[in-house]
Amino acid sequence: MAASASELLAATASRLLADHKIVFAGVGTPLLASALAKSTHAPHLTIVVEGGVVGLEVLPGRLPISTNEMRAGRRAVMLPSITQTFLYAQRGFFDYGFLGGAQIDPHGNINTSVIGPPDRPQVRLPGSGGACDIITHCREIFIVTMHERRRFIEQVDFITSPGYLGGHDARRRAGLLFGEITTVITNLALMRFDSETRRMRLDALQAGVTIDQVHEQTGFDLPIAPKVGELPAPSDEELRFLRLLDPDRLFLS
Amino acid sequence: MTFVEARRRLEGKDRGLRDKRMPAGDAARLVQDGNHVAIGGCLYSRTPLVTLREILRLRRVDLTLSRNLMCYEGELFLVAGATRSLVTSWIGIGLPWGLSRIVREFVESGQARLEEWSHLALGLRYRAAAMGIPFLPTLSMLGSDLLGRTSARTMICPFTGETLCLVPALFPDVAVIHVHRADCFGNAQIDGYPHMDPDLAAAAATVILSAEEIVSTDEIRRTADRTVIPFFTVDAVVEAPFGAYPHECYGRYEADLEHIGGYARGVTAGGAAAVRAYLDEYVYGLDTFDAYLERFGTGRLRRQQQAAQELTR
């Protein structure tokens, strides 16, 4: 079975989630990845979403399209207020956070607010929602997105969600004491951050992808790790599970 | 408004144990031109559409709207000319429908101002107001460009020396909230997601509450642990079954995603003209909420009720 780009993202991301952890997920790829992880290697993974749901269960064909609708609350163990949900994150209870974005820079700063000048934007995007909070308060952050040149750019127009800011210890100096942005997953590759400069670096390729293809779709200089691995392709079993979850392909396009 | 002024305004109000039931049209008159109106629920969940329709019908202007995640009510108020100022962390119809064409048109052309906070930061602004204090500290928004473009400030923590983001209390003039059940005084219970509504009720100077059903105070007393909004915060109680429709009310009816999707496709194709046509058809053209619900038809309402029962079983 051949995986679509979004199926590839969900399958790759699911493998980062360990059992007995708590993941702060959003709708779409993060929720698909979390549900897939629960069905495979992490049955005790707890999924939390920002609408105020702790321990949701995703049912095949009934994928929520918003974090605060009834489908998201299915068989939850708790439905806290939104503010309380994020306060649990601020306290440090949540192991993983997932983010995507319209623009991402080499230090993992993400823009979901505006393209162009903030006062008179060329494109007004939906905004932060909980993204800024998730990257600030979750313990380990994964950025999951399509790999496109217009998305991976040298400097984002607006920092909605702060990554490593200017690199080195800039995140710490801004007062962001917690949260580590560890991994960027795309349909082409997996990137991590240099432990000193905190700049993105190519660590592994999706199956069949070349380093040149990654560079073509990256709008900034992307150094390469000494040893670039190749990620395993999604198994038929994983793809079947994802397609069962999202039969209408709301998010698996 | 400072927290002291907000406190004085509250103290000057009648907070008596009185029957506050009234039609939605009368309740909406509590909203004045220029008011800051905070909207309960979240995106297409428990949106107080019964009251919002009446505010639109009154042709109020210069309103500021705030809501944690704003859905199509933001577009309706923009196109109706009721607001030019939105305070939120996210605005759209829902992920599958992409960007809001209306928000883009109004913000990109400078016709409307959108003040963006993080979800938690906005929640803490309402929480600080609900607590009667001027601000709350958080780590959210530090390092982001949201920080410099809002009235948030930073300070060095006097106890630890760490940098903190301070978000100012937000005291809305009016909060508009839809709940599952309330008594005639305004003691209110919410099933499912509370969203930020209990904080909104305590933060606002005036609270307009609509409820799927009005129950006796005895019934409230029997399940007092479920009461999240006390009567002394509430000014008007509107009885409104399906009061959030076509948005969802947890366990009662599922969001009518076909209707919302149809609206979204119409707006993508037709822009503000499509919203004007929608306002004419569903807001200005239908005098009563019953007439509004009849427009959807009982079969459709029943179907959405059954879906909700299945989803929360």
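As shown above, the structure is provided for reference.
Residues numbered from 1 in each chain as written. Chains lettered and ligands numbered in written order. Predicted model: local features only at pLDDT ≥ 70, side-chain atom pairs only at ≥ 80, totals over all residues. Heavy atoms only, no water.

Student: Before we go on, may I ask you to explain the nonpolar core in this structure?
Tutor: Note that soluble globular proteins tend to have their nonpolar side chains buried in a common cluster. With 183 residues, the main nonpolar core has A:M200, B:I177 and B:V179 as its most contacted residues. In contact with B:I177, not counting residues within four places along its chain, are B:G40, B:P48, B:D197, B:L200, B:A201, B:V207, B:I208, B:L209, B:S210 and B:I229. (Core = buried A, V, L, I, M, F, W, Y, C linked by side-chain atoms within 4.5 Å. Buried < 20%, exposed > 50% of the residue type's maximum accessible area, 1.4 Å probe, protein only. Contact = heavy atoms within 4.5 Å.)

Student: Which parts of the structure should I look at to understand the state of the cysteines?
Tutor: By definition, a disulfide links two cysteine residues through a covalent bond between their sulfur atoms. The tally for this structure, following the rule as stated, stands at 0 disulfides over all chains. Unpaired in terms of disulfides, A:C138 finds its nearest cysteine sulfur in A:C132, a separation of 12 Å. Among the cysteines around B:C165, which has no disulfide bond, A:C132 carries the closest sulfur, lying 8.5 Å off. Given a relative accessible area of 0%, B:C165 falls into the buried group. (Disulfide = S-S within 2.5 Å.)

Student: When you look at the pairing of strand 10 (residues 206-214) of chain B in this model, what are you seeing that I'm missing?
Tutor: Looking down a regular strand, the side chains alternate between one sheet face and the other. Residues and elements named next belong to chain B. Among the 9 residues that make up strand 10, 7 are buried, leaving the element largely enclosed by the rest of the structure. One ladder, built from 8 bridges, connects strand 8 (residues 174-182) with strand 10; its direction is parallel. Pairing of V174 across the sheet is with T206, part of strand 10. Bridge count for strand 10 against strand 12 (residues 236-239) is 4 bridges, and the pairing is parallel. Looking across to strand 12, one finds that A211 is bridged to E239. (Helix = DSSP H or I, 4+ residues; strand = E, 2+ residues; numbered from the N terminus. Pairing = 2+ DSSP bridges.)

Student: When you look at the sheet that holds strand 5 (residues 135-138) of chain B in this model, what are you seeing that I'm missing?
Tutor: Neighbouring strands of a sheet are bound in pairs by backbone hydrogen bonds; such pairs are parallel or else antiparallel. Residues and elements named next belong to chain B. Taken in spatial order, the 3 strands of this open sheet run 5-7-6, and their pairing is antiparallel. Each edge of the open sheet carries a strand with a single partner, namely strand 5 and strand 6 (153-156). Direction aside, neighbouring strands of the sheet carry axes that sit 35° apart on average. Taken together, the 4 bridges between strand 6 and strand 7 (residues 163-168) define a ladder with antiparallel strand orientation. Looking at strand 7, one finds that M155 is bridged to L164. Lying over the sheet, helix 6 (residues 119-131) contacts strand 5 and strand 7, oriented at roughly 140° with respect to strand 5. (Axes fitted to C-alpha atoms, helices over the stretch in contact; angles between N-to-C directions.)

Student: Please clarify how the interface of chain A and chain B should be interpreted in this entry.
Tutor: A common measure of how large an interface is: the accessible area buried when the components associate. Each side of the interface is counted separately: chain A has 53 residues, and chain B has 59 residues. Counting the surface lost from both chain A and chain B, the interface buries some 4,600 Å², and carbon and sulfur atoms represent 59% of this. For the interface between chain A and chain B, the tally reads 5 salt bridges. For B:E310, the salt bridge goes to A:R62, with nearest N and O atoms at 3.0 Å. In this structure, the connection of chain A to chain B is made through 27 residue pairs in polar contact (both at pLDDT 80 or more). When contributions to the side of chain A that touches chain B are tallied by element, the ones reaching two or more residues are helix 3 (82-91), strand 8 (123-124) and helix 4 (131-137) of chain A. With 5 residues, the single largest contributor to the side of chain A that touches chain B is helix 3 of chain A. For the side of chain A that touches chain B, the per-class residue count stands at 25 nonpolar, 18 polar and 10 charged. (Buried area = accessible area lost by both parts, 1.4 Å probe. Salt bridge = Lys/Arg side-chain N within 4 Å of Asp/Glu carboxyl O. Polar contact = N/O pair within 3.5 Å; in protein donor to acceptor, adjacent residues only side chain to side chain. Nonpolar A, V, L, I, M, F, W, Y, C, P; charged D, E, K, R; others polar.)

Student: Is there a simple way to think about the pairing of strand 13 (residues 224-230) of chain A in this case?
Tutor: Residues and elements named next belong to chain A. One ladder, built from 3 bridges, connects strand 12 (residues 200-205) with strand 13; its direction is parallel. What sits directly across from A204, in strand 13, is G229. Handedness of the crossover is the feature at issue here: the chain leaves strand 12, passes through helix 6 (residues 211-216), returns alongside strand 13, and the resulting connection is right-handed. (Right-handed = clockwise from strand over helix to strand, strands pointing away.)

Interpretation in functional terms is not warranted from these geometric data alone.
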